[in-house]
Amino acid sequence: MEKYLEVGKIVTTHGVRGDVKVIPWCDTANFICDFDTLYTKNGERSFKVTRARVLGNMAILRFEGIDDPNKADTLRQTVLYINRDDAKLEEGSYFVADLIGLEVYDEQGKLYGKIKDVLKTGANDVYEIDDDGKLYYIPAIPSVVLNTDIENGKMTIYPMEGIFDAN
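Criteria and thresholds
Residues numbered from 1 in each chain as written. Predicted model: local features only at pLDDT ≥ 70, side-chain atom pairs only at ≥ 80, totals over all residues. Heavy atoms only, no water. Pairing = 2+ DSSP bridges. Helix = DSSP H or I, 4+ residues; strand = E, 2+ residues; numbered from the N terminus. Salt bridge = Lys/Arg side-chain N within 4 Å of Asp/Glu carboxyl O. Buried < 20%, exposed > 50% of the residue type's maximum accessible area, 1.4 Å probe, protein only.

Colleague: What am I meant to see in the pairing of strand E10 (residues 134-139) here?
Modeller: For a regular strand, the rule is simple: side chains alternate between the two faces of the sheet. With six bridges connecting them, strand E9 (residues 125-131) and E10 associate as antiparallel partners. When the sheet's bridge partners are listed, Asp130 is paired in E10 with Leu135.

See below:
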């Protein structure tokens, strides 16, 4: 499992004190605002967050040592990461990075493919399953997803009627 996970990208500066606007690549901008430290890829550089708030669907962050718009502008297009050890997920919640690549089986052991992507739909996530180029979509709901075993790279599902039926 990767230690550092992408959460968003700095897209522009905000105001005159060196704040930056971050577009979230995670569930919400609030999630980003919960962290005291953010990183660049592989933890190469760290940023201590001194102020964080949400504005619309963006996170507005201020970092220690970045105190004017010129310094903040040098960070534009920087992808931000969290250290997974700093995150606290609710029971039954997973990082998308951990779900990608899981093999998807039914209870009888039939393989349906691998999770290729996780789509955010509002009501619930949808898992995109790739079976040698053929894509299937299943809702990430308890009646369909029976077990998620990150350690063994496996998800067990109840295949809803019509989703995997041959055409």
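Additional details are given in the paragraphs that follow.
Colleague: Even after reading the chapter, I still don't get the pattern of salt bridges, so can you show me in this structure?
Modeller: Any two side chains of opposite charge can pair, so long as their charged atoms come close to each other. Taken as a whole, this structure holds six salt bridges when the rule is applied. A salt bridge links Arg76 to Asp73; the nearest nitrogen and oxygen atoms lie 2.4 Å apart. By relative accessible area, Arg76 is classed as partly exposed at 37%. Since its relative accessible area comes to 36%, Asp73 is described here as partly exposed. Across the salt bridge formed by Lys120 and Asp125, the nearest N and O atoms sit 3.2 Å from each other. Look at Asp125 and you get partly exposed, because its relative accessible area is 24%. The network of salt bridges with common partners includes Asp19, Arg51 and Arg62.

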